[in-house]
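Secondary and tertiary structure notes
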Amino acid sequence: MKVLISDPLYPEGIALLEKHHHVDQLFGLSEAELIERIGQYDALVVRSGTMVTAAVIEAADKLQVIGRAGVGVDNIDLEKATARGIIVLNAPEGNTISAAEHTLAMLTSLARNIPAADYALKEGRWERGRFMGVELNQKVLGIIGLGRIGSEVARRARALGMTLAAYDPYIPAEQIEKIGAAPVTLEQLFRQADFITLHLPCNKQSHHLIGKEELAMMKPGVRLVNCARGGLIDEQALHEALLEGRVAGAALDVFEHEPPLESPLLKLPRVIATPHLGASTREAQVNVAVQVAEQVVFALRGDPVVSAVNMPSMPPEVMAEVKPFLPLMRLLGGLYFHLYGGRIEEVELYYAGEVAGHPVAPLTVSCLIGIFSHILGEQVNFVNAAHIARSRGIRVRESLSQNVDNFTNLVVLTVTAGSEKHTIAGTIFNRSDIRIVRIGDYRIEVIPSPFMLLCTYTDKPGVIGRVGTFLGHNEINIAGMQVGRRSAGGEAIMALQVDEQITPELLDRLAQLEGILTARFVHLQEWELSPVIANNRGF
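Owing to the predicted nature of the structure, the values given are computational and were not obtained by experimental measurement.

Procedures and definitions
- Residues numbered from 1 in each chain as written.
- Predicted model: local features only at pLDDT ≥ 70, side-chain atom pairs only at ≥ 80, totals over all residues.
- Heavy atoms only, no water.
- Helix = DSSP H or I, 4+ residues; strand = E, 2+ residues; numbered from the N terminus.
- Buried < 20%, exposed > 50% of the residue type's maximum accessible area, 1.4 Å probe, protein only.
- Contact = heavy atoms within 4.5 Å.
- Pairing = 2+ DSSP bridges.
- Axes fitted to C-alpha atoms, helices over the stretch in contact; angles between N-to-C directions.
- Right-handed = clockwise from strand over helix to strand, strands pointing away.
- Parallel < 35°, antiparallel > 145°, perpendicular 65-115°, else oblique.
- Left-handed = near helix turned anticlockwise from the far one by under 90°.
- Nonpolar A, V, L, I, M, F, W, Y, C, P; charged D, E, K, R; others polar.
- pLDDT = per-residue confidence, 0-100.
- Salt bridge = Lys/Arg side-chain N within 4 Å of Asp/Glu carboxyl O.
- Phe/Tyr/Trp six-rings, centres within 6.5 Å; stacked < 30°, edge-to-face > 60°.
- Lys NZ or Arg CZ within 6 Å of the ring centre and 35° of its normal.

Quick word on the environment of Thr-103
The residue Thr-103 is located in helix α5 (residues 96–112) in this model. Judged by its relative accessible area of 2%, Thr-103 is buried. In sequence terms Thr-103 and Gln-402 are 299 residues apart; their C-alpha atoms lie 47 Å from each other. Leaving out residues up to four positions away in the same chain, Thr-103 has contacts with Val-153, Thr-197, His-199, Val-225 and Cys-227.

A short note on the sheet that holds strand β4 (residues 65–68)
Backbone hydrogen bonds are what pair the strands of a sheet, in a parallel or an antiparallel way. Within the open sheet, the five strands sit side by side as β2-β1-β3-β4-β5. Their pairing is parallel. The two strands at the open ends of the sheet, each matched to only one other strand, are β2 (22–25) and β5 (87–90). The average angle at which neighbouring strand axes cross in this sheet is 20°, direction not considered. In this sheet, β5 lies alongside β4 in parallel orientation, the contact comprising four bridges. Counted as the bridge partner of Val-65 is Ile-87 from β5. Contacts between helix α12 (residues 282–301) and the sheet are confined to β1 (2–5), β3 (43–46), β4 and β5, with β4 contributing the most and set at about 170° to the helix.

Thoughts on the pairing of β3
Here β3 shows a buried face lined by Ala-43 and Val-45 and a second buried face lined by Leu-44 and Val-46. Strand direction decides the pairing type here: β3 and β4, joined by four bridges, are parallel. Bridge assignment links Val-46 to a residue of β4, and that residue is Arg-68. One crossover worth recording links β3 to the parallel β4 by way of helix α3 (residues 54–59), and it is right-handed.

What to know about the packing of helix α17 (residues 463–473) against helix α18 (residues 504–511)
Relative to each other, α17 and α18 sit at 150°, their axes nearing to 11 Å. Classified by the angle their axes make, α17 and α18 are roughly antiparallel. Between α17 and α18 lies a crossing whose hand is right-handed. Each of Val-467, Phe-470 and Leu-471 in α17 lies in contact with α18, whose residues at this interface are Leu-506, Arg-509 and Leu-510. Its residues placed into classes, the contact of α17 with α18 shows five nonpolar, no polar and one charged.

Re the confidence of the model for the protein chain
Caution applies to low-pLDDT regions: their predicted coordinates should not be interpreted in detail. The share of residues in the protein chain with pLDDT of 70 or more is 96%, and the mean pLDDT across the chain is 91. Confidence over residues 531–539 falls short of pLDDT 50; this stretch has 38 contacts with residues more than four positions distant or in other chains.

Examining the side chain of Asn-95
Examined against the element boundaries, Asn-95 turns out to sit in the loop between β5 and α5. Discounting residues that sit within four places of it in the chain, Asn-95 has contacts with Val-71, Ile-149, Ala-279, Ala-284 and Val-288.

Structural notes on the pattern of salt bridges
Here the idea is simple: oppositely charged side chains can pair when their charged atoms come close. Inspection of the entire model under this criterion finds 20 salt bridges. Here Glu-244 ties to Arg-246 by a salt bridge, and the two come within 2.8 Å at their closest N and O atoms. A salt bridge links Arg-486 to Asp-441, with the nearest nitrogen and oxygen atoms 3.5 Å apart. Within this pair, whereas Arg-486 is found in the loop between β20 (478–485) and β21 (491–498), its partner Asp-441 is found in the loop between β17 (433–439) and β18 (442–446), the two being separated by 45 residues in sequence. Given a relative accessible area of 46%, Arg-486 falls into the partly exposed group. Three or more residues are tied together by salt bridges with common partners; here these are Glu-58, Lys-80 and Arg-84.

Digging into the packing of aromatic side chains
Under the criterion given, the structure shown has two aromatic pairs. Ring centres of Tyr-336 and Tyr-340 lie 5.6 Å apart, and the angle between their planes is 40°; this geometry places the pair in the tilted category. Taking the relative accessible area as the measure of exposure, Tyr-336 reaches 2% and is therefore buried. Taking the relative accessible area as the measure of exposure, Tyr-340 reaches 25% and is therefore partly exposed. With 6.2 Å between their ring centres and 15° between their planes, Phe-451 and Phe-521 make a pair best called stacked. Of this pair, Phe-451 sits in strand β19 (residues 451–458) while Phe-521 is found in strand β22 (residues 516–523), placing the two residues 70 residues apart along the sequence. Sitting over the ring of Tyr-41, Lys-2 keeps its end group 5.0 Å from the ring centre.

See the structure below:
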């Protein structure tokens, strides 16, 4: 496939992409130039310099994934990408250590006045008394946001002897305590902390999280560090608090408007400022480049991606448990379409045994992908499959049971349309060996293959032989066969794996054989059979 890199990326990431796909590097494209070119690409990799607008996405006829080499995705129209079924992913862990270390560097520099002392000495002034600092030991560090970076800051600050107080409404108090911090409210943090560091995204809820009122709550002489996102602090209110002496100092790596060359904060001696350097280490840039490249490769071949921002994700260890069932779910959906097709009003999935112990939402979506990929001409994947079901008024139901007879795990798909119901069931042996174990009312053990002939017939001697002879006369080789029946002498089903396609004309003639009730030929595509989902029709 074709990948466009529109912002500079470290060579390690480029090499990984080139190992799997054709890669073009075109930097500094205008929106019009990007719109003109994007239609030929399957993936787009950007940093913060490229604006991926709705117009760009609308022109991206083949685009399956947008990779952001970094954390923030403010430059990508997420709503438009999601509507088009395009995965947007980032590399949130690549710069974690670098950002945490930069925060600690800002913290210690703020406590000991290092930048100002360095500047004075280089100007020829030996002013030891002017740059009296404070120790970090036994000071209270208030951490707002205890995610990946906040947690790493906490671990390092504890090693410096600091007392930790943390506010994060999305993390249980028990988890905060495990990290070694006291869980507090935002107001308690403001009133207790000697130093405050922020580690959260800037959105409608967090914009100007620290403003005039919040600064007034803080301890006199508090010091602030922001290496997260510009806009979290009201910079005008901070400027006033610094001038009044209520805030002893601030260390800022990010600003609401960058570059902040006209900001009055830059003129204050008690402000340390760096030009958004939190992720600016070679290690971080390599990590980010490699991680986004890996995720783009995974997305293009349909493997699970763990850093998508516009679709549900789960921890890698949970994904590892769920992943073996995804091909089964896709196959059940695709096989339903091949056998029955037509209108759908309700999709019901029953999970039993081992599989019921895992999160089943991604499995249900994988089944929907298997169905809708045949019905719709547009791209269907994990981003938009559930949305498609809702928009078509299709009810999706799930039920689970830990108990199952005869199998370690079992998934039963039942599709309802009006008064008709059709059922297909499948299982997995040894986490990779898929079997279809029920078609309609028939119990059977079908080995999926690209070319399959499924016939219902009257269970009498000679019927199976006639089918074999017919196929042999027409030079269709049989690779395998399985049969199932309701009762001896009644209706039965046979599934034959053959080596090539059976034409409609040949199928019509076969259906006329004595004892044959129905005959269907199923051609399963590679993406329906492969453990790796091709063409991004799933994870």
